[in-house]
Amino acid sequence: MTELTDRLALPLLHVAQSHKEMVHNEALMLIDLLLHGCVDGVAQDVPPAAATVGQCWIVGAAPIGDWAGQADRIAGMTEGGWRFVVPREGMRLWWSAGETTAEFRGGRWHQGEVCARRILIDSIPVVGAQQPAIAAPSGGTTRDDEARSAITAILSALRRHGLIAD
C-alpha cells in the first residue's frame, strides 16, 4: 500500500521502490492541480465533453459518467485521464466563470462567501462584527416624515447588509 502525505494525500516514495518516477510524477500531477487551484465549474455532475489537460471542476452531488462516485471531489483532466482529489477543510479554489472562490467548509463547498472577523482597506477597518439592533424611530410629539423615512431606509440597508441585527 502506498503511503500518503497527511495534508494533500500525495504519494510518498519508499526505500527500494521500483518505478519511483511513477509515484513522484503522480505527486507532481496532484500538486499541479491544486497549487493556486482554479476550477472551470462548481457543483457540476456531468463531465465536460471536451476537457483539456489542466482544466479542473468541482464535482456535484450526483455525478455520472466518468465522474460517478466522485461527489464533491475536485476533478482534474490530465494526459492520463481524470484525477480526483478529496477536498480538505478550508481548501479554497478560484472559480473563473463565477469570478469568485469556492471554499470547502463543514463538509460542503461554499461559493462566493467571505468569512472574516473584520475588513480593512488601506489599514483602516471598514467592516467589523455585526452590532446590536437599532430601534426604528417611533412616537414623539413632533413628526418629521422625511427624516423618519431616511432613517428607516438607512436602518433597512444596514440590516440587509448584515451590519446590524433585525
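Before any of the text, the structure's been laid out above.
What counts and what doesn't
- Residues numbered from 1 in each chain as written.
- Predicted model: local features only at pLDDT ≥ 70, side-chain atom pairs only at ≥ 80, totals over all residues.
- Heavy atoms only, no water.
- 1 Å grid on protein atoms, 1.4 Å probe; cavity = no way out; pocket = protein on both sides within 12 Å on 5 of 7 lines; lining within 4 Å.
- Points joined across faces, edges and corners; volume = space filled by probe spheres on them.
- Nonpolar A, V, L, I, M, F, W, Y, C, P; charged D, E, K, R; others polar.
- Pairing = 2+ DSSP bridges.
- Helix = DSSP H or I, 4+ residues; strand = E, 2+ residues; numbered from the N terminus.
- Buried < 20%, exposed > 50% of the residue type's maximum accessible area, 1.4 Å probe, protein only.
- Patch = residues over 30% accessible without salt bridge, like charges linked within 9 Å, V, L, I, M, F, W, Y side chains within 5 Å.
- Areas by Shrake-Rupley, 256 points an atom, 1.4 Å probe, with all protein chains shown as cover.
- Salt bridge = Lys/Arg side-chain N within 4 Å of Asp/Glu carboxyl O.

Focus: the layout of surface pockets
In this model, the largest pocket occupies a volume close to 150 Å³. Forming the walls of the largest pocket are 13 residues, and the residues nearest its centre are Leu8, Ala9, Phe84, Val85 and Val86. Classifying every residue of the lining of the largest pocket gives seven nonpolar, two polar and four charged.

Topic: the sheet that holds strand β8 (residues 108-111)
Pairing within the open sheet is mixed, and its four strands lie in the order β1-β6-β7-β8. On the outer flanks of this sheet lie β1 (38-39) and β8, each paired with one strand and no other.

Side note on the environment of Arg159
Within the element layout of this structure, Arg159 appears in helix α2 (residues 145-160). For Arg159, a relative accessible area of 25% gives the class partly exposed.

Quick look at a nonpolar patch on the surface
On the surface, Ile119, Ile121, Ile124 and Val126 cluster together into a nonpolar patch covering about 350 Å² of accessible area. Those elements that place two or more of their residues in the nonpolar patch are β9 (119-121) and β10 (124-127). Its location among the elements puts Ile124 in strand β10.

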